[in-house]
Amino acid sequence: MFALTLPKFTGHFPGIAGLLPTLGAALIILLNANNRLTQLLANKTLVWVGALSYSLYLWHWPILAFMRYYTGAEILNWQYSLAFIMLTLALATASFYWIETPLRLKRSNKQLLGYASLTLLLLATAVGMKKINAHYTPEPLPVEYTRYADPKTICHGKIIGDCLKGDLNSDKEVLVLGDSHAAMLNHFFDYLGKELGFKARIITASSCVTIPEFNYQRIAEWAHKPCLSQIEEAKKYLDKADTIFLAASWDNNLKHKAFETAFDKLIQNNPSTNFKVISQEPRLSRSPLRARRFDYLGFNYTVEVNPSYKSANEILEYKVKQYSNLSLLNLTSLKIFETPPFYDGAMVYYDEHHINEVSSITYAKQALTFFKMLDI
């Protein structure tokens, strides 16, 4: 009972985390007590589930992994949780009675059936799965559709070269700061800079808006070091920049008070700098590349727009009214975002909230009119 009610230990398993329930189970077996608990555990249904335990153990993880992949959710809702239980139980029962149990019997027709079932399963997996997988797998997309830029050429998480894009011969230079939503604009600013005669220094990091006092403690630990180093690099150019573009996953960041404070201080501490915030692009409910895969498998896998980005852009509009040196570039009305994840028959997004390398240039071409009106 203590094992069920006490707070769970953290750390490696097996270890202290598994000691208490293991001792409890050992005591129940050792004492051979005849009480309500042992009577409950001797219930035919629980004994049957106990007999299935190894089969349940073997089946539960691949089924759970598949359902998480299909739904895109770490925690399943009650409908998928119920489906997970039923499917795991069904497959465990089948393998227990048709393979596991016959293999434990003395030589008999049932044992031969168990070996035959196991052999057929192995052959089907070894020989047929490769062909089945190839048949139901769509043609691989060019790499430009599965990333927002070549990581070897952009200053995302680390400094590579001078971090400059656009017209490298121009005397006009802008600074671009943010997280991966800014990193995906490398080709965007490269195109616009060449068209309009400016260069852009783009310094970004994963999950990290590269501005002073960004509340990095809340992001994944592996992202802390590159976040802090990119912020320090960005600080070198803050005082020199006349124009700074900010792009980020605003709906993830603006819900944190500490981030809002850092954002406001940046604008307030640099009153002579023109800050231009790029609106957050529409978010998707699911991964479009995953949807493409499931379409080939014959599953109904709908990708819809997640409206969370709209409220984030509304907060940005409110902030623009507070500061005279802050303006918002709301680009969500561009044609490229009319029918996400596709535009003109091509895939625009490569995950739920990042556009791909090819579409970044299409995005820039459609945004050109907006940028012509800016004072850069």
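In this text the structure is predicted, and so the values were computed from the model without any measurement. Counting from 1, residues in each chain are numbered in the order their sequence is written. Only residues with pLDDT of at least 70 get local features here, since the model is predicted, and only at 80 or more are side-chain atom pairs given and counted; chain-wide, interface and lining totals rely on the full set of residues. For side-chain calculations, the full set of non-hydrogen atoms in the structure is used, while hydrogens and water are omitted.

1. A word on the overall build of the chain
Move 1: Secondary structure follows DSSP: runs of H or I at least 4 residues long count as helices, runs of E at least 2 residues long count as strands, and numbering of each begins at the N terminus. Along the chain, the regular secondary structure elements total 15 helices and ten strands.
Move 2: For the chain, the residues scored as buried account for 39% of the 376 residues in total.
Move 3: Taking all contacts inside the chain whose residues are at least 6 apart in sequence as the whole, residues at least 24 apart take part in 71%.
Move 4: Where accessible areas are quoted, they stem from the Shrake-Rupley method and a 1.4 Å probe; at the residue level, only the protein chains shown are allowed to cover. Total accessible area computed for the chain in this model is approximately 22,400 Å², and 60% of it derives from carbon and sulfur atoms. When accessible area is computed with a 1.4 Å probe and restricted to protein chains, residues below 20% of their type maximum are described as buried, those above 50% as exposed, and intermediate ones as partly exposed. Residues are treated as being in contact if the distance between any of their heavy atoms lies within 4.5 Å.

2. Regarding the packing of aromatic side chains
Move 1: Ring pairs are drawn from Phe, Tyr and Trp, using the six-membered ring of Trp, whenever the two centres fall within 6.5 Å, and their geometry is named by plane angle: stacked under 30 degrees, edge-to-face over 60, tilted for the rest. Scanning the entire structure with this criterion turns up 19 aromatic pairs.
Move 2: Residues Tyr69 and Phe294 carry aromatic rings whose centres are separated by 5.6 Å and whose planes lie at 50° to one another, so their mutual orientation is tilted. A residue pair is termed long-range when its members are at least 10 positions apart, and Tyr69 in helix α5 (residues 53–71) and Phe294 in helix α13 (residues 288–297) qualify at 225 residues.
Move 3: Under the relative-accessibility criterion, Tyr69 is labelled partly exposed at 38%.
Move 4: Residue classification places Phe294 among the buried residues on the basis of a relative accessible area of 1%.
Move 5: On the basis of an interplanar angle of 70° and a centroid distance of 5.6 Å, the ring pair of Phe188 and Phe371 is categorised as edge-to-face.

3. Things to note about the pattern of salt bridges
Move 1: Salt bridges are defined by distance alone: a side-chain nitrogen of Lys or Arg within 4 Å of a carboxyl oxygen of Asp or Glu. Overall, the coordinates contain ten salt bridges when judged by the stated rule.
Move 2: Across the salt bridge formed by Asp150 and Arg147, the nearest N and O atoms sit 4.0 Å from each other.
Move 3: Classification of Asp150 by relative accessible area gives partly exposed; the value is 23%.
Move 4: Where Asp190 meets Lys194, a salt bridge forms, and the shortest distance between an N and an O atom there is 3.1 Å. One end of the pair, Asp190, and the other, Lys194, are both in helix α9 (residues 186–196), four residues apart, so they sit about a helical turn from each other.
Move 5: Judged by relative accessible area, which is 54%, Lys194 ranks as exposed.
Move 6: Bridged by salt links that share partners, the residues Arg147, Asp150 and Glu357 form one connected network.

4. Some thoughts on the state of the cysteines
Each disulfide consists of a covalent bond between the sulfur atoms of two cysteine residues.
Move 1: Here, two cysteine sulfur atoms that lie within 2.5 Å of each other are counted as a disulfide. Within this structure, the stated rule accounts for two disulfides.
Move 2: Shown here is the disulfide that connects Cys155 with Cys163, its sulfur atoms set 2.0 Å apart. Linking Cys155 and Cys163, the disulfide has an S-S dihedral of approximately -90° and is accordingly described as left-handed.
Move 3: Between the sulfur atoms of Cys208 and its disulfide partner Cys227 the distance amounts to 2.1 Å. The sign of the S-S torsion, about 65°, decides the handedness of the disulfide formed by Cys208 and Cys227: right-handed. In this pair, Cys208 sits in the loop between β3 (199–204) and α10 (224–238) while Cys227 sits in helix α10, placing the two residues 19 residues apart along the sequence.
Move 4: Judged by its relative accessible area of 0%, Cys208 falls in the buried class.
Move 5: Numbered in order of appearance, the disulfide-bonded cysteines of the chain are paired 1-2, 3-4.

5. Overview of the pairing of strand β4 (residues 243–247)
Move 1: Along β4, five of the five residues are buried, which leaves the element largely enclosed by surrounding structure.
Move 2: Burial of β4 is two-sided: the residues Thr243, Phe245 and Ala247 facing one way and the residues Ile244 and Leu246 facing the other way are all buried.
Move 3: Two elements, strand β2 (residues 173–178) and β4, share four bridges in a ladder whose sense is parallel. By the bridge assignment for β4, Val176 is matched with Phe245.
Move 4: By the bridge criterion, four bridges tie β4 to strand β5 (residues 274–278) in an arrangement that is parallel. What sits directly across from Phe245, in β5, is Lys276. Think of it this way: DSSP has to see at least two bridges between two strands before they count as a pair.

6. Describing a nonpolar patch on the surface
Move 1: The grouping of Trp48, Val49, Tyr97 and Trp98 at the surface amounts to a nonpolar patch, some 420 Å² of accessible area in total.
Move 2: Elements that contribute at least two residues to the nonpolar patch include exactly α4 (44–51) and α6 (78–104).
Move 3: Secondary-structure assignment places Trp98 in helix α6. Residues with no salt bridge and a relative accessible area higher than 30% make up the patches, which join like charges within 9 Å and nonpolar side chains (Val, Leu, Ile, Met, Phe, Trp, Tyr) within 5 Å.

7. Looking at unusual backbone geometry
Move 1: Pro340 connects to Pro341 through a cis peptide bond whose omega is 10°.
Move 2: Here Pro341 shows up in the loop between β8 (326–329) and β9 (342–343).
Move 3: Positioned with a positive phi, Ser207 is a non-glycine residue whose angle comes to about 60°.
Move 4: When you line up the elements, Ser207 lands in the loop between β3 and α10.
Move 5: Residue class for Ser207 comes out partly exposed when judged on its relative accessible area of 38%.

8. Overview of the sheet that holds strand β1 (residues 164–166)
Move 1: One open sheet accounts for six strands, arranged β1-β3-β2-β4-β5-β8; its pairing is mixed. Because the sheet does not close on itself, it has two edges, and the strands there are β1 and β8. The average undirected angle you get between the axes of adjacent strands in this sheet is 30°.
Move 2: Axis angles are defined between N-to-C directions and span 0 to 180 degrees, where every axis is a line fitted to C-alpha atoms and, for a helix, only to the segment in contact. Helix α12 (residues 257–269) contacts β4, β5 and β8 of the sheet and is inclined by roughly 145° relative to β5.

9. Observations concerning the packing of α5 against α13
Move 1: The geometry of α5 relative to α13 is characterised by a closest axis approach of 9 Å and an angle of 115° between their N-to-C directions. Here α5 contributes Phe66, Arg68, Tyr69 and Tyr70 to the contact with α13, which in turn contributes Arg290, Arg293 and Phe294.
Move 2: Looking at side-chain class alone, the contact of α5 with α13 contains four nonpolar, no polar and three charged residues. Note on residue classes: Ala, Val, Leu, Ile, Met, Phe, Trp, Tyr, Cys and Pro are nonpolar, Asp, Glu, Lys and Arg are charged, and everything else, Gly too, is polar.

The quantities given are spatial measurements derived from coordinates; they are silent on function.
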